[in-house]
Each structure stands twice: as C-alpha cells, then as structure tokens.
Amino acid sequence: MSTQKLSRPRQGRMIAGVCAGIAHRFGWNPTIVRVVTVASVLIPGPQVLAYLICWVVIPNERPAA
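The structure contained in this document is the topic of the report that follows. Each chain has its residues counted from 1, following the order in which its sequence is written. Reporting of local features is limited, given that this is a predicted model, to residues whose pLDDT is at least 70; pairs of side-chain atoms are given and counted only at 80 or more, and all residues count toward the totals for whole chains, interfaces and linings. Side-chain measures were taken over the full set of non-hydrogen atoms in the model, leaving aside hydrogen atoms and water.

Below, the discussion takes up helix H1 (residues 18–26). A 1.4 Å probe rolled over the protein chains alone gives each residue an accessible area, and that area as a share of the maximum for its type sets the label: buried under 20%, exposed over 50%, partly exposed in between. The way it works is that DSSP assigns letters per residue, a run of H or I at least four long becomes a helix, a run of E at least two long becomes a strand, and they are numbered from the N terminus. Turning to H1, its buried residues number three or more, namely Val18, Cys19, Ala20, Gly21, Ala23 and Arg25. Those residues of H1 that are buried are in contact with helix H2 (30–41) and helix H3 (47–57). Taken from the residues just after H1, Gly27 is the one with a positive phi, measuring 75 degrees. Pairs of residues are marked as contacts when any of their non-hydrogen atoms sit within 4.5 Å.

Take the side chain of Arg8 next. Among the secondary structure elements, Arg8 is positioned in the segment before H1. Distance and chemistry together define a polar contact, namely a pair of N or O atoms within 3.5 Å, with one atom able to donate a hydrogen and the other to accept it when in protein, and with adjacent residues in sequence counting only for side-chain atoms on both sides. Polar contacts involving the side chain of Arg8 include one to the main-chain carbonyl oxygen of Ala16, which spans 2.8 Å. Not counting the four nearest positions on each side in its chain, Arg8 is found in contact with Arg13, Ala16, Gly17, Val18, Trp55, Ile58, Pro59, Asn60 and Glu61.

Further remarks concern the nonpolar core. Here, nonpolar core means buried Ala, Val, Leu, Ile, Met, Phe, Trp, Tyr and Cys residues that are tied together by side-chain atoms lying within 4.5 Å of each other. Within the largest apolar cluster, 7 residues are counted, these being Ala16, Val18, Cys19, Ala23, Val33, Tyr51 and Ile58. Here the element with the most residues in this core is H1; it accounts for 3 residues. If near-sequence neighbours (up to four positions away) are discounted, Ala16 is found in contact with Arg8, Tyr51 and Trp55.

Let us look at a nonpolar patch on the surface. Among the surface-exposed residues, Met14, Ile15, Val41, Val48, Leu49, Leu52, Ile53, Trp55, Val56 and Val57 lie close enough to one another that they form a single nonpolar patch of about 1,000 Å² accessible area. Ranked by the residues each element gives to the nonpolar patch, the list is headed by H3, at 7 residues. Checked against the element boundaries, Val48 lands in helix H3. Without a salt bridge and with relative accessible area above 30%, a residue can belong to a patch; like charges are then joined within 9 Å and nonpolar side chains (Val, Leu, Ile, Met, Phe, Trp, Tyr) within 5 Å. Every accessible area reported is derived by Shrake-Rupley at a probe size of 1.4 Å, with residue values counting cover from the shown protein chains alone. By definition, a salt bridge exists where a carboxyl oxygen of Asp or Glu is found within 4 Å of a side-chain nitrogen of Lys or Arg.

Now for the packing of aromatic side chains. Centres within 6.5 Å are what make two rings of Phe, Tyr or Trp a pair, Trp counting through its six-membered ring; a difference in plane orientation under 30 degrees is then read as stacked, over 60 as edge-to-face, and the rest as tilted. One pass over the structure, following the stated rule, counts 2 aromatic pairs. Measuring from centroid to centroid gives 5.1 Å for Phe26 and Trp28, while their planes differ by 25 degrees, and the two rings are stacked. Classification of Phe26 by relative accessible area gives partly exposed; the value is 33%. Relative to Trp55, the ring of Tyr51 has its centre 6.4 Å away and its plane inclined at 70 degrees; by these criteria the two rings are edge-to-face. Linking Tyr51 with Trp55, this pair stays in helix H3, spanning 4 residues, or about one helical turn.

Below you can see the structure in the form of structure tokens.
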C-alpha cells in the first residue's frame, strides 16, 4: 500500500482528478477506477454527489518545488 497522501494530481486528470488521485493513493490503475466510477453512476444512488464532495474536499497536489 502506498504511503503518499490523497491529493488530486495536476497531470493526468480527466475531469477533476478525483479518480486519478484515489488510484495513485492506493496504487491502482486510474483507468480501472474511472471505469468503476462511470459504471457506478449508472445505478441509482448518490454517486455524483459523492464525486462532487470529493472534488471539493480532496486537495490539489502541491506543485514541485
């Protein structure tokens, strides 16, 4: 398991970087996380709201020094 903090990357984003940030944090493939996210939106539930909340709560990756 990765020890890096959860943040939305500046590179490799599709929309807001939420899926890429989660994938990088846990060492998963970002494409798989994106496919699972899109598939979950197709079933009823608060997935879009959860994505929007993550967009606001998860910070952007800090720029390289």
